[in-house]
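Each chain, letter by letter, is given below.
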Amino acid sequence: MQRVKLTINEREVEVPVGSTILQAAEMVGIDIPRLCHDPDLKPMGSCRLCVVEVKGNRLLPASCVTPVTEGMEVQTESPAVVEARRTILELLVANHPLDCMTCDKLGDCRLADYCYRYNVKESVFTGEQHHYDIDDSNPFIIRDLNKCILCGACVRACEEMTGKDNLSYLYRGFDRKATTAGDVDYIDSDCVFCGQCVAVCPTGALTEKTMAGQARRWEIERVQTTCPFCGIGCNFDLAVKDKKVIGVLSNPNAPVNGRKLCVKGRFGWDYIYSDKRLKTPLIKKNGKFEPASWDEAFDLIAQKFNENKAKNGPDSFAALSSARCVNEANYLVQKFTRAVMGTNNVDHCARVCHAPSVAGLANSFGSGAMTNVLSEVTNDAELLFLIGINPTEAYPVAGYIMRQAVRNGCKLVVCDPRRTELAAESDIWLQQKHGTDIPLLNGLMHIIIKEGLEDKKFIEERTENFEEMKKVAAEYTPERVSEITGISVEDLYRVARLYATTDKAMIFYSLGITEHICG
Ligand code: FES
């Protein structure tokens, strides 16, 4: 990789070509203030707080959008830079409520942090101020546009992280607003309450409703955990105050999802404190459940297990586990069952959902699990072929990632009797009749083989029983498949050709395939 040498605050720095001044400064631990810049979003260069002085440049360029050049000499805290930043902050504060004492974001508000850093207590600019109503129309997010600094992070997050496009800029000049289409409350908009806008907001304009008045940000302990709701395995931090969960915060280092979360992961944690949950073990005595200590419960369980094993043998015991548990917990269940109880009678609810995946994938690829990682969807895929899967509802973060891929130019084919969100956004939607998935897939293979588009070398070297499959596919002519599935012959050809001629095509299926008896 080509590199560029420059100096920042008299320090020699060498960084890859194409880096911005801000990135170069970060690489050597120099902190440049920024409000609209967000590492997960496309640069916007609108707030100008990141300006720096570059020798020979009459203006102060915004470091977040200015690439480094060979020999560049940069000053990040020169008197001119500091004065410019103070003026920008004074302009922002001129139309910003100074209610930091009661603002939930204090301690995690970049505007307040920079005002402190540059000693901006109030504004020298006086004039009209906005007095917007606070939007707390929904159970999850408080939107106080009086605190919005128009950095556009929420607009970009809604577009780039989820592809939902629920937010944009409306109006002009002083009245400019980052808001919903039609400037309606969140509850009346297309918002799905994933809270990405909250995660990227640098001020108190967008905050978590559950956390309102619960804690100052510095009192919150972050406890990393894994979301139990779907198979994506998103990580996030529980916000904990005095040993009580008060909310969920994105963790930028989450390996699968980064700061992306869906409404279930970010806001669906209140069941923790449901009064319907057991808070203590219950032991049935004289036909009635009575609260017991954990020691009492475990002693009784061990005693009964041992008695049963002695009397009826190890195979009289079976353990059932759940997809709601993390892999580690499931591993422990099977370990306990096999090593302690001495039986292989261990099962899991995924048998209902994914027995076909396990059997089919293990036979085909040697492992009954997903064969690609999600980052390959955004970075590598050229075509996504979806059948029996509705990602934006069932696995929203995977849905966001697929949308990102499509916006990067990847083609999308969705086979689904329903017009799901992604079906509506696809290049081709095949609306097969219910129960006709297999004829549809056989029909596509028929066309691929008929047109000689199959990968002959791969089939020769890496597969078995191709001739058997070919015989089956031969029976599924496009005309017959069209009659069975309700899909036009023309669309069958379009999809078969597109799939077979795309180098990096990925197939996605889920319970819409695997929960069928023929899965
Ligand atoms: Fe660079 Fe806003 S952070 S212009």
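To be clear, the structure that these remarks concern was listed above.
Residues numbered from 1 in each chain as written. Predicted model: local features only at pLDDT ≥ 70, side-chain atom pairs only at ≥ 80, totals over all residues. Heavy atoms only, no water.

Visitor: Would you explain a nonpolar patch on the surface in this entry?
Guide: Together, Leu91, Val124 and Phe125 give the surface a local cluster of nonpolar side chains, amounting to about 290 Å² of exposed area. By the secondary structure assignment, Val124 is in the loop between α3 (110-117) and β5 (141-143). Overall, Val124 belongs to the exposed group, its relative accessible area being 63%. (Patch = residues over 30% accessible without salt bridge, like charges linked within 9 Å, V, L, I, M, F, W, Y side chains within 5 Å. Areas by Shrake-Rupley, 256 points an atom, 1.4 Å probe, with all protein chains shown as cover. Salt bridge = Lys/Arg side-chain N within 4 Å of Asp/Glu carboxyl O. Helix = DSSP H or I, 4+ residues; strand = E, 2+ residues; numbered from the N terminus. Buried < 20%, exposed > 50% of the residue type's maximum accessible area, 1.4 Å probe, protein only.)

Visitor: What exactly am I supposed to notice about the side chain of Asn251 here?
Guide: As for its placement among the helices and strands, Asn251 is situated in the loop between β11 (244-249) and α6 (263-267). A relative accessible area of 8% places Asn251 in the buried class. With residues near it in sequence (within four places) discarded, Asn251 still touches Gln224, Phe236, Asp237, Gly258 and Arg259. (Contact = heavy atoms within 4.5 Å.)

Visitor: Is there a simple way to think about the sheet that holds strand β17 (residues 411-415) in this case?
Guide: Pairing between the strands of a sheet comes from backbone hydrogen bonds, and it takes one of two forms, parallel or antiparallel. What the four strands build is an open sheet, ordered β18-β17-β16-β19; its pairing is parallel. Taken across any chain shown, the strands that pair with only one partner, and hence form the sheet edges, are β18 (428-430) and β19 (505-509). Averaged over all neighbouring strand pairs, the angle between strand axes comes to 15 degrees, with direction disregarded. Note that strand β16 (residues 383-387) and β17 share five bridges and pair parallel. The residue bridging Leu383 from the neighbouring strand is Lys411, located in β17. Each of β16, β17, β18 and β19 is contacted by helix α18 (residues 489-501), which is oriented at about 120 degrees to β18, the strand it contacts most. (Pairing = 2+ DSSP bridges. Axes fitted to C-alpha atoms, helices over the stretch in contact; angles between N-to-C directions.)

Visitor: Is there a simple way to explain the sheet that holds strand β4 (residues 73-75) in this structure?
Guide: Here we have four strands laid out as an open sheet, ordered β2-β1-β4-β3, and mixed in their pairing. Bordering the open sheet on either side are β2 (11-16) and β3 (53-54), each of which pairs with just one other strand. Taken together, the two bridges between strand β1 (residues 3-8) and β4 define a ladder with parallel strand orientation. Within β4, the position partnered with Thr7 by the bridge is Glu73.

Without other data, these values stay purely geometric and don't point to any function.
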